[in-house]
There are 2 protein chains.
Amino acid sequence: MAGAAGDKATVTQRADRVDVLVKSLPELDWCANPAEIKRKSLDYYWFSPVLRRELEAKSADAVVRPRNIDELRRIVAGCVGENLPVTLRGGGTGNYGQAIPLDGGVVIEMTACDRLLWLKHGVARAQAGIKLGALGELLAPQGWELRCMPSTYRMATLGGLFCGGFGGIGSITYGPLSAPGTVLGIQVMTVEAEPRVIELRSPEAMQHAHTYGTNGIILELEIALAPVHEWDEHFITFDDADAAFNVAQAVAQAPGLIKRETALFAPSVAKYFKKLAPHREAAEHAAIVVLAASNRETLEALVNQAGGRIAFRQSSEEARTRQHSLLEYCWNHTTLHALRSDKSLTYLQTTYEYGREREQLAAIARQTGDEVLPHLEFIRDEQGRVVCSGLPLVRYTTEKRLRELITLHRECGVGVKDPHVYTLEDGTRHGAMSPASLAAKRRFDPGGLLNPGKVRSWVTSKES
Amino acid sequence: MAGAAGDKATVTQRADRVDVLVKSLPELDWCANPAEIKRKSLDYYWFSPVLRRELEAKSADAVVRPRNIDELRRIVAGCVGENLPVTLRGGGTGNYGQAIPLDGGVVIEMTACDRLLWLKHGVARAQAGIKLGALGELLAPQGWELRCMPSTYRMATLGGLFCGGFGGIGSITYGPLSAPGTVLGIQVMTVEAEPRVIELRSPEAMQHAHTYGTNGIILELEIALAPVHEWDEHFITFDDADAAFNVAQAVAQAPGLIKRETALFAPSVAKYFKKLAPHREAAEHAAIVVLAASNRETLEALVNQAGGRIAFRQSSEEARTRQHSLLEYCWNHTTLHALRSDKSLTYLQTTYEYGREREQLAAIARQTGDEVLPHLEFIRDEQGRVVCSGLPLVRYTTEKRLRELITLHRECGVGVKDPHVYTLEDGTRHGAMSPASLAAKRRFDPGGLLNPGKVRSWVTSKES
């Protein structure tokens, strides 16, 4: 089996095999700098103190950046020949150690395979390594943009979004990335001695979503787009917590408001937005709302009526010129801003029950005091309902207490996707891979070389 | 008070006063043909056998078509001077007698005031008399379209949509026309000896929505638009009623499908779509789904999986060339197609309870058999939920039985907007005008000259 053990002899043998591989493919763009190899073995796993402890020592033996698919094919064939673990990497912006090799081997960084292949009828096809921000720049002049993207869009890749992302900005209109109709198809390379390239259409293609690159190497993605709008970014403040929630929810629900983002932050969270501090009083709650320019007046009326104020507004064009978008305060950028100021913080990923959001938030607040700091993100779910998800900050003390807080949320009926675990099963999959996902892995990675250890149930599954 | 009585002497006096008015404004475009005066005194009220009986004898004494706002001002001043009832008319496509003068007087047809005034930042401002289809033709080259419109868009005017419409096509994405963010402002002329022109912004402007032109004369509307898409029109058929409902609801709910229309028809309703007959087996249920071209493949997968078939598809471009759009089978065009074949039919307007749609539909079916023929339209409500509304056909026998059927629906928890009444109070307003609506009427029509009788509570209100 593919190097599950980490003992010294195995590691030495593996390093030797990597040497053989690197020497056999001297024309490739191997990373020569050990510090960079270490850096490119890690992602934003350090958002979790638990993952920091578990993963900080991990490193690839080598990092390579294929310049084209033919180079990629040679690397994959070589890794299979040498029986080496292979870990795929996009922009390295994941938070769950999804790009971290658990057992060394080769990290393949996909960022040089970054072409937009075509764009027609509101659909784009691009290589997996294209950065989302760069893709957006290519789409906008044609009147299109991504339906959803993470707050890390400047660095994150399309393949990374598919393999490890949820959606994010834009999900208030288009739902999560997994909602049928957004990802239309993918092209996948098998991890075999003679790698094959296979086209999959949705829904089959979606078996490969959010699997951290463990069931085949995504080469291309075909995605349906959203019409680009002239967006206004609003930073809105409120004295009153209820008014803030009411406005954010009303905006999120309103079918007559064309929107890209609706987020809500407690004062204890908004205080970490340093550059926005001049616009907010210390005790104020804050919302970030990104709306079509045509809805500006309606938002103003709604906010004024609720006793809030639009503390800052800029167009998406101004945001671009200033290199300062309010989108980069939302989703996990909220956590990033907070962690820059206070290393003792971490976070959870939560989903409140439709219709019981307020009650559940109050129950959590009662039981946790200032240990859990509310940050809400409104989205449409796969049934088209406007639901409330969260990335609350958590004051970290011990792992035991962190687990208790997760349990406490779940006891209140709040769903938690645990960002403090690194296997596929434990994150969003309720402890088990679906048979279809495992079948996809068997088909595209029969040797189990893709980041061994990431799919906990793989060994059992192969032997069964 | 403004002519509530209809006795002979009053009518003669009124006709004399109209003569005086017409003679005092000879330069205006008065309708000379009595048959045309009769025709332009009526609308699609005949969809209701009850309204047919109650309204078919109604007629204006004169019909005039102002060519500009100055002409309109002269007409209004003249009517006030002669104390004549004034009824506003757009394309005459309403179904509730909303353009029918209950007490004679002057009908003002607004269709010559039809300019698009400006279009910027996704917002258009146009005169009330512009036809929706014509407006759409002006918007499309700039990348925009109406967020919602009735199936009568070829004939219906923008002012008519605001004064008597609900939304319709497009409401599956943008909700009803009344959803905050769509109508931004209106310009209204008062009915006074010296008519004033007043700009109202929303939400205040919305006091004037759906009041059949009884609280001021709408001159201009400012509306937020939707980005235009390359639409595909699909006619989908199913052997199985449950599969048909499931697919229509799933499409309606799916946030990853960009859509403009989702309607569902029982075989007993779809049979009236003569031109679509070659595409449908007699026993098949039918859905009409209008989706962005980028979602074509996703819809196919969904339909195939459910055992349905896409019986006919055309692009919106093909629909335009063929002068045959599937949109013109939806909303009240369904009723129109049916009435062309069977004069004994009429219809209801229903709203099913969110989450209980199927149960309520089954209860109605059990209790009414083939007396009520299901036609469903999916929309987003003002809370952003995808809900199921209906325009079921009804086999009409007596008014008493029609009332029983309405009661039966309501007893099952189904909301009914009664299309068999002609006053504002009895249609969608649960029997009473809001104080704010009455205040708006007092402000813009102090003499109560706008179609007297249409607002049942007016006299009382003025005297109180």
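Please refer to the structure placed before this passage.
Remember, predicted model here, so these are calculated numbers, not experimental data.

## Comments concerning the overall build of chain A
Alright, step 1. Secondary structure assignment for chain A yields 17 helices and 21 strands.
Alright, step 2. For 464 residues, the compact-globule estimate of 2.2 N^0.38 gives 23 Å, and chain A sits close to it at 22 Å.
Alright, step 3. In terms of overall dimensions, chain A has a C-alpha envelope of 70 × 50 × 40 Å along the principal axes.
Alright, step 4. Of all intrachain contacts in chain A linking residues separated by at least 6 positions in sequence, the fraction that spans at least 24 positions is 73%.
Alright, step 5. Taken as a whole, chain A presents about 17,300 Å² of accessible surface, with 52% of it coming from carbon and sulfur.
Alright, step 6. Within chain A, one finds 54 positive and 55 negative side-chain charges whose respective centroids are separated by 2 Å.

## Focus: the sheet that holds strand 20 (residues 393-395) of chain A
Residues and elements named next belong to chain A.
Alright, step 1. Read from one edge of the open sheet, three strands run 15-20-17, paired in antiparallel fashion. If you trace the sheet from one side to the other, it starts and ends with strand 15 (345-347) and strand 17 (372-373), each paired once.
Alright, step 2. In terms of strand pairing, strand 17 meets strand 20 through two bridges, oriented antiparallel. Bridge pairing in strand 20 links valine 372 to valine 394.

## Section: the packing of helix 13 (residues 357-368) of chain B against helix 14 (residues 399-411) of chain B
Residue and element names in this part refer to chain B.
Alright, step 1. At a minimum axis distance of 10 Å, the contact between helix 13 and helix 14 shows a crossing angle of 145 degrees. Note on packing geometry: the crossing formed by helix 13 with helix 14 is right-handed. Where helix 13 abuts helix 14, its residues Ile364, Gln367 and Thr368 lie against Leu405, Leu408 and His409.
Alright, step 2. Class assignment of the residues belonging to the contact of helix 13 with helix 14 gives a composition of three nonpolar, three polar and no charged.

## Notes on the nonpolar core
Alright, step 1. Core analysis: the largest hydrophobic core is formed by 74 residues, its most contacted members being Phe162, Ile186, Phe235 and Phe265 of chain B.
Alright, step 2. Among all residues touching phenylalanine 265 of chain B, those that are not within four sequence positions of it are Ala270, Phe273, His285, Ala286, Ile288, Tyr329, Cys330, Thr334, Pro374 and His375 of chain B.
Alright, step 3. Ala156, Ile223, Leu276 and Trp458 of chain A belong to the second-largest nonpolar core, a separate cluster that totals 73 residues.

## Comments concerning the interface of chain A and chain B
Alright, step 1. Between chain A and chain B, the contact holds 40 residues from the first and 40 residues from the second.
Alright, step 2. Of the roughly 2,800 Å² buried where chain A meets chain B, counting both sides, 52% is carbon and sulfur surface.
Alright, step 3. Counting the contacts that link chain A with chain B gives two salt bridges.
Alright, step 4. Here glutamate 297 of chain A ties to arginine 201 of chain B by a salt bridge, and the two come within 2.7 Å at their closest N and O atoms.
Alright, step 5. Inspection of the region where chain A meets chain B yields twelve residue pairs in polar contact (both at pLDDT 80 or more).
Alright, step 6. When contributions to the side of chain A that touches chain B are tallied by element, the ones reaching two or more residues are helix 7 (171-174) and helix 10 (296-305) of chain A.
Alright, step 7. In terms of residue count, helix 10 of chain A provides more of the side of chain A that touches chain B than any other element does, three residues in total.
Alright, step 8. In terms of residue class, the side of chain A that touches chain B is made up of 18 nonpolar, 14 polar and eight charged.

## A look at the pairing of strand 8 (residues 197-201) of chain A
Residue and element names in this part refer to chain A.
Alright, step 1. Side-chain alternation along strand 8 places Ile198 and Leu200 on a buried face and Val197, Glu199 and Arg201 on a face that remains uncovered.
Alright, step 2. Bridge count between strand 7 (residues 183-189) and strand 8: five bridges; the pairing is antiparallel. What sits directly across from isoleucine 186, in strand 8, is leucine 200.

## What to know about helix 5 (residues 132-139) of chain A
Residues and elements named next belong to chain A.
Alright, step 1. For helix 5, every residue scored as buried is listed here: Leu132, Gly133, Leu135, Gly136 and Leu139. All buried residues of helix 5 lie within an arc of 160 degrees about the axis, which places them on one face of the element.
Alright, step 2. At its buried positions, helix 5 is contacted by strand 4 (116-120), strand 5 (123-127), strand 6 (144-145), helix 6 (158-164) and strand 9 (217-224).

## Some remarks on helix 1 (residues 8-24) of chain B
Residue and element names in this part refer to chain B.
Alright, step 1. Compared with an ideal rise of 1.5 Å per residue, which puts 17 residues at 24 Å, helix 1 spans 24 Å between its outermost C-alpha atoms and is within 8% of the ideal.
Alright, step 2. Where helix 1 is concerned, the buried positions are Arg14, Val18 and Leu21. Each buried residue of helix 1 lies within a common arc of 60 degrees when the element is viewed along its axis, so the set occupies one face. Opposite the buried face of helix 1, by more than 90 degrees, sit the exposed residues Lys8 and Lys23.
Alright, step 3. In the core, the buried residues of helix 1 are packed alongside strand 1 (62-64), helix 4 (69-82) and strand 3 (106-109).

What counts, and at which threshold
Each residue is numbered by its place in its chain's sequence as written, counting from 1. Whichever chain is written first is A, and whichever ligand is written first is 1; the rest continue in order. Given that the model is predicted, a residue must reach a pLDDT of at least 70 before its local features are reported, and side-chain atom pairs must reach 80 or more before they are shown or counted; all residues, however, enter totals for whole chains, interfaces and linings. Side-chain metrics rest on all non-hydrogen atoms present in the structure, leaving aside hydrogens and water. Think of it this way: any DSSP run of H or I at least four residues long counts as a helix, any run of E at least two long counts as a strand, and we number them from the N terminus. Here the radius of gyration uses the C-alpha set of atoms, whereas the globule reference equals 2.2 Å times the residue count to the power 0.38. Should any heavy atoms of two residues lie within 4.5 Å, those residues are counted as being in contact. A 1.4 Å probe and the Shrake-Rupley method give the accessible areas. Residues count as covered only by the protein chains that appear here. In this tally Asp and Glu are treated as negative and Lys and Arg as positive; neither His nor the chain ends contributes. Just so you know, the charge point we use is NZ for Lys, CZ for Arg, CG for Asp and CD for Glu. For two strands to pair, DSSP has to find at least two bridges joining them. In this analysis an axis means a line fitted to C-alpha atoms, helices contributing only their contacting stretch, and an angle means the value between N-to-C directions, from 0 to 180 degrees. What makes a crossing left-handed is the near helix being turned counterclockwise from the far one by less than a right angle; a clockwise turn instead makes it right-handed. Under this grouping Gly is polar, as are all residues other than the nonpolar Ala, Val, Leu, Ile, Met, Phe, Trp, Tyr, Cys and Pro and the charged Asp, Glu, Lys and Arg. Note on terminology: a nonpolar core comprises buried Ala, Val, Leu, Ile, Met, Phe, Trp, Tyr and Cys residues joined through side-chain atoms within 4.5 Å. Accessible area is worked out with a 1.4 Å probe on protein chains only. A residue is then buried under 20% of its type maximum, exposed over 50%, and partly exposed in between. Buried area is a sum: the accessible area each of two parts loses on coming together, probed at 1.4 Å, counted once for each and added. Between Lys or Arg on one side and Asp or Glu on the other, a salt bridge is scored when a side-chain nitrogen of the former is within 4 Å of a carboxyl oxygen of the latter. Whenever a nitrogen or oxygen atom comes within 3.5 Å of another N or O atom, the pair is scored as a polar contact, on the condition that within protein one atom can donate a hydrogen and the other can accept it, and that pairs from neighbouring residues in sequence are kept only if both atoms are in side chains. Directions from the helix axis toward the C-beta atoms define the arc. Given the number of residues in a helix, its expected span is that number minus one, multiplied by 1.5 Å.

On their own, these measurements won't tell you what the molecule is for.
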